[in-house]
Amino acid sequence: LILRKPLVIRVEGDFLWESYVERTRRDITLSEFYKSPPLLSRKETLVRWLSGWVMRRATKLVFSSEWRRKMVIDAFKLSSEKTLIIQNVFPFEKGPDQKPRGNNIILWAGRVLYLKNLEKLIRAFADIKVSSYELHLVGEGPEKSKLEQLIKEYRAEDRIKFFPPMSHHKLMGKLVLSKGVVLPSLSDVGPNIVAEAIANLVPVIMTKESGYAEIFRENVILVNPLDENELHYQLEKFMKEPAARTVPNLSFIRSWHAAAGNWLELFKIL
């Protein structure tokens, strides 16, 4: 403001919603959080007010999806004229060449947080009586010990396994050998693991509360993250009916060069 320099903000993830969900352990999606705001703590109220103050004074706000843009415009009463969409790069680079997928593994990877909705995933998977499949969870986080205990309660240690964080190269090696990727998060704005799975033609079951749901709708299996029965149904169908799996295609290729060009065009007009 003092130097009168243009300010561009890329609005992607959401610190406020994430902090609220981790504090309250409440199942609320990102869109519902802003559509019907819950009672916030003093700190959270201050974060929300400051976020709105900064965004209203920014020169431009950049979003990766219409889903995210509309949510923020409505929540903070912003002018749509100061917003635009610059989509993420996808698909990401393909993983290392491996033997054909023969392992009955469904893969999840990320931070082990409450908002990742892993309790529902573990319960749904453990209730499916298809012993040939394993669920591999890759990552660390504050929910891990609780989830490990839940796996023990279901006596599913031989079917549901945790793995420590991996290098990107090693994770891609594991991804290309998996039968599918699952991402049931309460919300996930632009999850890398989905783009990477699509780049490697690995089927995906993912939350419908995502900016990627509007882009990859015809190429993934979408689920309501609040409905455990729906997650159970889609997982079981995926395991028992190979023909029902939606195999992604590569029609959504968007290069780093194209994305960088969009940013440069924006900076030129400011």
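Shown above is the structure to which this text applies.
Read on for an overview of the structure. Small disclaimer: the values here were computed from a predicted structure and weren't measured.

The subject of this paragraph is the nonpolar core. Core analysis: the largest hydrophobic core is formed by 53 residues, its most contacted members being Ile-106, Leu-137, Ile-160, Leu-175, Val-194 and Leu-235. Within the second largest apolar cluster, 25 residues are counted, among which are Val-11, Val-21, Ala-58 and Trp-67.

Taken together, Leu-1, Leu-7, Leu-46, Trp-49, Leu-50, Trp-53 and Val-54 make up a surface patch of nonpolar side chains, about 690 Å² in accessible area. Within the secondary structure, Trp-49 sits in helix H3 (residues 42–57).

A few words now on helix H4 (residues 66–76). Burial analysis of H4 places eight of its 11 residues in the buried class, which makes it a mostly covered element. Along H4, the positions that sit buried rather than exposed are Trp-67, Arg-68, Arg-69, Met-71, Val-72, Ile-73, Ala-75 and Phe-76. Among the structural elements, helix H2 (30–35), H3, strand E2 (60–63), strand E3 (83–85) and helix H9 (211–215) are those in contact with the buried residues of H4. Trailing H4 by a residue or two, Lys-77 shows a phi angle of about 55°, which is positive.

Before going further, it helps to spend a moment on the packing of helix H5 (residues 118–127) against helix H6 (residues 144–153). Contact pair H5 / H6: the axes reach a minimum separation of 10 Å and the direction vectors enclose 15°. Relative to H6, H5 is oriented roughly parallel. Pair H5 / H6 crosses with right-handed handedness. Residues Leu-118, Glu-119, Ile-122 and Arg-123 of H5 form the contact with H6, whose own contacting residues are Leu-147, Leu-150 and Ile-151. Of the residues contributing to the contact of H5 with H6, the split by class is five nonpolar, no polar and two charged.

Okay, the sheet that holds strand E1 (residues 8–10) next. Read across the open sheet, the three strands follow the order E1-E2-E3; overall the sheet is parallel. With partners counted over all chains shown, the strands left at the sheet margins are E1 and E3, one partner each. Here the strands of the sheet are splayed against their neighbours by 25° on average, with no regard to which way each runs. Bridge count between E1 and E2: three bridges; the pairing is parallel. The residue bridging Arg-10 from the neighbouring strand is Val-62, located in E2. Of the strands in this sheet, E2 and E3 are in contact with H4, which crosses E3 at around 165°.

Before going further, it helps to examine the packing of helix H1 (residues 15–24) against H3. The packing of two helices is summarised by the inter-axis angle and the distance between the axes. At their nearest, the axes of H1 and H3 sit 10 Å apart, and the two run at 165° to each other. Taken together, the axes of H1 and H3 lie roughly antiparallel to each other. When you trace H1 past H3, the crossing you get is left-handed. For the pair H1 and H3, contact is made by Phe-15, Leu-16, Ser-19, Tyr-20 and Arg-23 and by Glu-44, Val-47 and Arg-48, respectively.

The subject of this paragraph is the pattern of salt bridges. Where side chains of opposite charge bring their charged atoms close, a pairing between them can arise. Within this structure, the stated rule accounts for 15 salt bridges. The closest approach of N and O atoms between Glu-44 and Arg-23, which form a salt bridge, is 2.8 Å. Within this pair, whereas Glu-44 is found in helix H3, its partner Arg-23 is found in helix H1, the two being separated by 21 residues in sequence. Look at Glu-44 and you get buried, because its relative accessible area is 6%. Owing to a relative accessible area of 47%, Arg-23 belongs among the partly exposed residues under this scheme. With its nearest N and O atoms 3.0 Å apart, the salt bridge here joins Glu-140 to Lys-144. By relative accessible area, which is 14% here, Lys-144 ends up buried. What you see here is one network of salt bridges that share partners, running through Arg-25, Glu-119, Arg-123, Glu-143 and Glu-228.

What counts as what
Residues numbered from 1 in each chain as written. Predicted model: local features only at pLDDT ≥ 70, side-chain atom pairs only at ≥ 80, totals over all residues. Heavy atoms only, no water. Core = buried A, V, L, I, M, F, W, Y, C linked by side-chain atoms within 4.5 Å. Buried < 20%, exposed > 50% of the residue type's maximum accessible area, 1.4 Å probe, protein only. Patch = residues over 30% accessible without salt bridge, like charges linked within 9 Å, V, L, I, M, F, W, Y side chains within 5 Å. Areas by Shrake-Rupley, 256 points an atom, 1.4 Å probe, with all protein chains shown as cover. Salt bridge = Lys/Arg side-chain N within 4 Å of Asp/Glu carboxyl O. Helix = DSSP H or I, 4+ residues; strand = E, 2+ residues; numbered from the N terminus. Contact = heavy atoms within 4.5 Å. Axes fitted to C-alpha atoms, helices over the stretch in contact; angles between N-to-C directions. Parallel < 35°, antiparallel > 145°, perpendicular 65-115°, else oblique. Left-handed = near helix turned anticlockwise from the far one by under 90°. Nonpolar A, V, L, I, M, F, W, Y, C, P; charged D, E, K, R; others polar. Pairing = 2+ DSSP bridges.

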